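Okay, here's what each chain looks like letter by letter:
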Amino acid sequence: MSKSEERLSTIPKALYFDEDDRFFILDQTKLPTQEIIEEQKSLEQVYESIYKLKVRGAPAIGIAGAYGLVISLKNSLDLEIEPFLKLVNKNARYLSSSRPTAVNLSWAIKRLFDIANSFPKNSTAKELYAKLRDEAIVIHQSDIQTCRQIGEHGAELIKEGDGVLTLCNAGALATGGIGTALAPMYVAWSRGLRFKAYSSETRPLLQGARITCWELNKFGVDTTMIADSVSSYLMKLGRVDMIVVGADRVANNGDTANKIGTSSLAINAKFYGVPFYIACPYSTIDTNSKSGADIVVEERGKEELIYIKGQQIAPKDIKVFNPAFDVTDNSLISGFITEKGIIRPPYNFSK
Ligand code: MRU
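In this text, all values refer to a predicted model and were calculated from it rather than measured experimentally.

## Some details on the side chain of Q207
Turning to step 1, where the next piece is worked out: Mapped onto the elements, Q207 comes out in helix α8 (residues 207-219).
Turning to step 2, where the next piece is worked out: Residue classification places Q207 among the buried residues on the basis of a relative accessible area of 2%.
Turning to step 3, where the next piece is worked out: Filtering out sequence-adjacent residues up to four positions away, Q207 remains in contact with L53, R56, C168, N169, E201, T202, T212 and K259.

Shown next as structure tokens:
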């Protein structure tokens, strides 16, 4: 193993599935102060972990959805195939509804759902269960590969001394591997390239402050945290050479849903002439959504804005608008860093 490979293998993991078919996640709501691994034992628990963002980030929730479906079936292997199939379909629909924007969740669950529905009807529940478990493992393993490839392609864009800005967390903890937006940084840094990473805090849930800063810092990347409102000034100062963020769903024309605040970053980047990249796997591209207008943006509860860590910071009865994501227009995106290489405009992914 090369030195660079060795370093990359130390990056923390969002989730794992063990040889006894047990599924574990790192509870990301507790970061950066506590590192708590939690076993997921039921369908409801996995739903809640996804909804509450204990496990989060588009590829990671896809994998969590697949493993979640598998563990929800573990205690029903004595059923006849028909009722077992009904259970698979019911649980798959339920888990898919835990978060609406990241397409990876419904994509991964549909892969299992399709296998179940075309499985020979004379099989046993045990046989179908084994097939679904193996498919969930394949989804996870191929995400590990994909992240590495995104890292390789994206690392080519970073030059010695650059300032690289990111928002939210599209790192290892948002995927099964080394991340999407952070993967190029990890690969470049592990090979000795030196640059400055900037992590925007990402209000309201602070994924940038709590998770990206934690991940990058742990790896030794030179990281500076900024308040979300600082990004445009940072660009004006000439300290940002490139912005790279992840994606929750990319429409066929390249319009991209990602963490709220992404669109304003991209608009500012255009103004200041800073290249703006989306790093994502092909599983995040939804060719069924023609444009951003087809993407459902998740709205979350008002308490996420009114309280910070249980501390009330605004009147309890204030009206709140709290979309978790926004949609960035394709015209603002310099390229998509994918496992197949960097895709440049004009975008038409179904071609
Ligand atoms: O609400 P979150 O924390 O799940 O939002 C995550 C993001 O917006 C990420 O950028 C996106 O899912 C890509 S993760 C590789």
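## What about the site of the ligand?
Turning to step 1, where the next piece is worked out: Around the ligand, 19 residues are found, and the nearest of them are R56, A58, R99, N258 and K259.
Turning to step 2, where the next piece is worked out: Contact distances for the ligand include 2.9 Å between an oxygen atom and a side-chain N or O atom of Q207.
Turning to step 3, where the next piece is worked out: D248 places a polar side-chain atom, nitrogen or oxygen, 2.9 Å from an oxygen atom of the ligand.
Turning to step 4, where the next piece is worked out: If the ligand stood free it would expose 420 Å²; the protein chains cover 99% of that surface.
Turning to step 5, where the next piece is worked out: Cavity membership is defined here by more than half of the atoms lying within 2 Å of grid points; on that basis the ligand lies in the largest cavity.
Turning to step 6, where the next piece is worked out: The set of elements that each furnish at least two residues to the shell around the ligand consists of α3 (58-73) and β9 (256-259).

## Side note on the layout of surface pockets
Turning to step 1, where the next piece is worked out: Space inside the largest pocket adds up to approximately 490 Å³.
Turning to step 2, where the next piece is worked out: Along the walls of the largest pocket sit 19 residues, with T29, L205, E304, Y307 and K309 positioned nearest its centre.
Turning to step 3, where the next piece is worked out: Contributions of two or more residues to the lining of the largest pocket are made by α8, α11 (303-306) and β12 (307-308).
Turning to step 4, where the next piece is worked out: In terms of residue class, the lining of the largest pocket is built from 8 nonpolar, 3 polar and 8 charged.
Turning to step 5, where the next piece is worked out: When residues are assigned to domains, the lining of the largest pocket turns out to be shared by domain 1 (3-147) and domain 2 (152-343), each giving three or more.
Turning to step 6, where the next piece is worked out: Counted as a void, the second largest pocket has a volume near 340 Å³.
Turning to step 7, where the next piece is worked out: Lining the second largest pocket we find 22 residues, and of these K13, I144, G176, G177 and I178 sit closest to its centre.
Turning to step 8, where the next piece is worked out: Of all the secondary-structure elements, those providing two or more residues to the lining of the second largest pocket are α1 (3-8), β1 (15-17) and α6 (125-155).
Turning to step 9, where the next piece is worked out: If you tally residues by element for the lining of the second largest pocket, the top one is α6, at 6 residues.
Turning to step 10, where the next piece is worked out: Of the residues that constitute the lining of the second largest pocket, the class distribution is 13 nonpolar, 6 polar and 3 charged.
Turning to step 11, where the next piece is worked out: When residues of the lining of the second largest pocket are sorted by domain, at least three fall in each of domain 1 (3-147) and domain 2 (152-343).

## Quick look at the sheet that holds strand β4 (residues 163-167)
Two modes of strand pairing occur in sheets, parallel and antiparallel, and in both the strands are linked by backbone hydrogen bonds.
Turning to step 1, where the next piece is worked out: One open sheet accounts for 7 strands, arranged β6-β5-β4-β7-β10-β15-β16; its pairing is mixed. Here the strands that pair on one side only, and so sit at the sheet edges, are β6 (223-226) and β16 (341-343). Strand-to-strand twist of the sheet, defined as the mean angle between neighbouring strand axes without regard to direction, takes the value 25 degrees.
Turning to step 2, where the next piece is worked out: Sheet strands in contact with α6 are β10 (276-279), β15 (335-338) and β16, and its direction is about 135 degrees off that of β15.
Turning to step 3, where the next piece is worked out: Strands in contact with α8 are β4, β5 (196-200) and β6; relative to β5, the strand with the most contacts, it is inclined by about 160 degrees.

## A word on the sheet that holds strand β2 (residues 23-26)
Turning to step 1, where the next piece is worked out: Pairing within the open sheet is antiparallel, and its 3 strands lie in the order β1-β2-β3. This sheet does not close on itself; its edge strands, each paired only once, are β1 and β3 (37-40). Neighbour-to-neighbour, the strand axes of the sheet open up by a mean angle of 25 degrees, direction not taken into account.
Turning to step 2, where the next piece is worked out: Pairing analysis gives 4 bridges linking β2 to β3, with the strands arranged antiparallel. Residue pairing for β3: L26 is matched across the bridge by I37.
Turning to step 3, where the next piece is worked out: On top of the sheet, helix α2 (residues 43-51) reaches β2 and β3; it is set at about 135 degrees to β3, its chief contact.
Turning to step 4, where the next piece is worked out: In this fold α3 packs onto β1, β2 and β3, with an angle of close to 35 degrees to the strand it touches most, β1.

About the cut-offs
- Starting from 1, residues in each chain are numbered consecutively following that chain's sequence as written.
- Residue-level local features of this predicted model are given only where pLDDT is at least 70; pairs of side-chain atoms are given and counted only at 80 or more, and the full residue set underlies all totals for whole chains, interfaces and linings.
- Just so you know, side-chain values use all the structure's heavy atoms and leave hydrogens and water out.
- A run of H or I in DSSP counts as a helix once it spans at least four residues, and a run of E counts as a strand once it spans at least two, with each numbered from the N terminus.
- Per-residue accessibility, obtained with a 1.4 Å probe over protein chains only, is compared with the maximum for each type, and a residue is labelled buried under 20%, exposed over 50%, and partly exposed between these values.
- Contact between two residues is taken to exist if any of their heavy atoms lie within 4.5 Å; hydrogens are not considered.
- In these notes, residues near a molecule or strand are those with any non-hydrogen atom within 4 Å of it.
- Residues adjacent in sequence count toward polar contacts only when both atoms are side-chain atoms; beyond that, a polar contact is any pair of N or O atoms within 3.5 Å, and within protein one must be able to donate a hydrogen and the other to accept it.
- Areas reported as accessible are Shrake-Rupley estimates using a 1.4 Å probe. Residue values count occlusion only from the protein chains shown.
- Note on definitions: the grid is 1 Å and covers protein atoms alone; a cavity is a set of points where a 1.4 Å probe fits but cannot get out; a pocket is an open set with protein on both sides within 12 Å along at least five of seven lines; lining residues have an atom within 4 Å of a point.
- Cavity and pocket membership follows a simple rule, namely that a molecule belongs there if more than half of its atoms are within 2 Å of the grid points.
- Grid points are joined across faces, edges and corners, and a volume is the space filled by probe spheres set on the points.
- Under this grouping Gly is polar, as are all residues other than the nonpolar Ala, Val, Leu, Ile, Met, Phe, Trp, Tyr, Cys and Pro and the charged Asp, Glu, Lys and Arg.
- Either an automatic procedure or a domain database provided the assignment from which the domain bounds are taken.
- DSSP calls a pair of strands paired once it identifies at least 2 bridges connecting them.
- Whenever a helix is involved, its axis is fitted only over the stretch in contact; in every case the axis is a line through C-alpha atoms, and angles between N-to-C directions fall within 0 to 180 degrees.

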